Amino acid sequence: YNVRGDTGNSGVNVGHLASFSWIYDIPFMSHGNGLMHTVLGGWKYNGISTFRSGFSLSPGLSVANQGLATRPDVVAGQQLTYAKTLTQWFNTAIFQRPAYGMFGNAGIGTITGPGLVNFDMGLYKDFAFTEKRRLQFRSEFFNVFNHPNFGNPTTTLGSGNYGRITSALDGRIIEFSLRLHF
């Protein structure tokens, strides 16, 4: 009944987070007349940039005959270092199976997952036909620089992928759309 072992960072904890968003009216040809103004003027550029550290993760336990234990024991003398490779995100030797009948002393939220670097951008323009009717052309670019953002590692001792990252978030996605307002 280690109450102190049940306290720690929440699974939704992120140590650092910065997000920026903007909308910019491109001034090129915005005050002209004729076909050039219709095609080249009035474009808007927008974006959202997000930077964050990883989520707090808790070590788990999935071994045969684990008894009452729901989490592993911490090995004395080992450090929770971060190799930060896809095949070993953290020092997997720090955790071991607890003795039968013991609960395990590993704290919750002690492992930090991979962070995120993301740039989303868009470019759009409204083409007005009448006062109430207009057509909007929109192009959106998600993860525009195609930066690799990885999923969380498997933190369950006894799992075949223990300590490994086996997933990634979406790569670059580009969308084009037309929207009629009436």
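Note that the coordinates shown come from a computational prediction; the quantities given were computed from them, not determined experimentally.

What counts and what doesn't
- Residues numbered from 1 in each chain as written.
- Predicted model: local features only at pLDDT ≥ 70, side-chain atom pairs only at ≥ 80, totals over all residues.
- Heavy atoms only, no water.
- Helix = DSSP H or I, 4+ residues; strand = E, 2+ residues; numbered from the N terminus.
- Rg over C-alpha atoms; globule rule 2.2 N^0.38 Å.
- Buried < 20%, exposed > 50% of the residue type's maximum accessible area, 1.4 Å probe, protein only.
- Areas by Shrake-Rupley, 256 points an atom, 1.4 Å probe, with all protein chains shown as cover.
- Lys, Arg positive; Asp, Glu negative; His and termini not counted.
- Charge placed at Lys NZ, Arg CZ, Asp CG, Glu CD.
- Contact = heavy atoms within 4.5 Å.
- Pairing = 2+ DSSP bridges.
- Axes fitted to C-alpha atoms, helices over the stretch in contact; angles between N-to-C directions.
- Phe/Tyr/Trp six-rings, centres within 6.5 Å; stacked < 30°, edge-to-face > 60°.
- Lys NZ or Arg CZ within 6 Å of the ring centre and 35° of its normal.
- Salt bridge = Lys/Arg side-chain N within 4 Å of Asp/Glu carboxyl O.

**A short note on the overall build of the chain**
Regarding its fold elements, the chain presents one helix and 11 strands. When the helices and strands of the chain are listed from N to C terminus, the series reads β-α-β-β-β-β-β-β-β-β-β-β. Over its C-alpha trace the chain gives a radius of gyration of 25 Å, far above what one expects of a compact globule, namely 16 Å for 182 residues. Seen through its C-alpha atoms, the chain measures out along the principal axes to roughly 80 × 30 × 25 Å. Buried residues in the chain amount to 29% of all 182 residues. With an accessible surface of roughly 11600 Å², the chain has 58% of that area assigned to carbon and sulfur atoms. The positive charge centre, built from 14 side chains, and the negative charge centre, built from 9, are 2 Å apart in the chain.

**Considerations on the environment of V63**
Within the secondary structure, V63 is located in the loop between β4 (60–61) and β5 (73–74). Assessed through its relative accessible area of 22%, V63 is described here as partly exposed. For V63, the contacting residues outside a window of four places in its chain are R97, L157 and G158.

**Side note on the sheet that holds strand β8 (residues 116–128)**
In any sheet, the strands associate via hydrogen bonds between backbone groups, in a parallel or an antiparallel arrangement. Strand order in this open sheet of five strands is β1-β2-β8-β9-β11, and the pairing throughout is antiparallel. Two strands in the sheet have a free side with no partner beyond their single neighbour: β1 (17–25) and β11 (173–181). Between one strand axis and the next, the sheet turns through 10 degrees on average, direction left out of account.

**A word on the environment of V144**
Mapped onto the elements, V144 comes out in the loop between β9 (134–142) and β10 (156–157). With a relative accessible area of 17%, V144 lands in the buried category. Placed 23 residues apart in sequence, V144 and M121 show a C-alpha to C-alpha distance of 6.9 Å. Every residue in contact with V144, bar those within four places of it in the chain, is listed here: F119, M121 and R172.

**A word on unusual backbone geometry**
Positive phi values are uncommon outside glycine, yet K84 reaches one of about 55 degrees. Of note in this structure, N143 is not a glycine but carries a positive phi near 50 degrees. By the secondary structure assignment, N143 is in the loop between β9 and β10. You can call N143 buried: its relative accessible area is 4%.

**Remarks on the packing of aromatic side chains**
Scanning the model with the defined rule gives nine aromatic pairs in all. Plain terms: the ring middles of F20 and F51 are 6.3 Å apart, the flat faces sit at 65 degrees to each other, and that makes the pair edge-to-face. With a gap of 31 residues between them, F20 in strand β1 and F51 in strand β2 (residues 44–52) connect regions that are remote in the sequence. Among the residues examined, F51 registers a relative accessible area of 29% and is labelled partly exposed. Ring geometry for F119 and F145: centres 5.1 Å apart, planes at 75 degrees, overall edge-to-face. Here F145 lies in the loop between β9 and β10 and F119 lies in strand β8, a separation of 26 residues in the sequence. A network of ring pairs unites the aromatic residues F20, F51, F119 and F145 as a single cluster. Over the ring of F127 we find K125; its NZ or CZ atom is 4.9 Å from the centre of that ring. The ring of Y124 has R138 lying over it, and the distance from NZ or CZ to the ring centre is 4.3 Å.

**Points about the pattern of salt bridges**
Oppositely charged side chains may form a pair once their charged atoms are brought near each other. As enumerated under the stated definition, the model contains three salt bridges in all. In this structure, D25 engages K44 in a salt bridge whose closest nitrogen and oxygen atoms are separated by 3.6 Å. Residue D25 is located in strand β1, and its partner K44 is located in strand β2; the two are separated by 19 residues in the primary sequence. Classification of K44 by relative accessible area gives partly exposed; the value is 27%.

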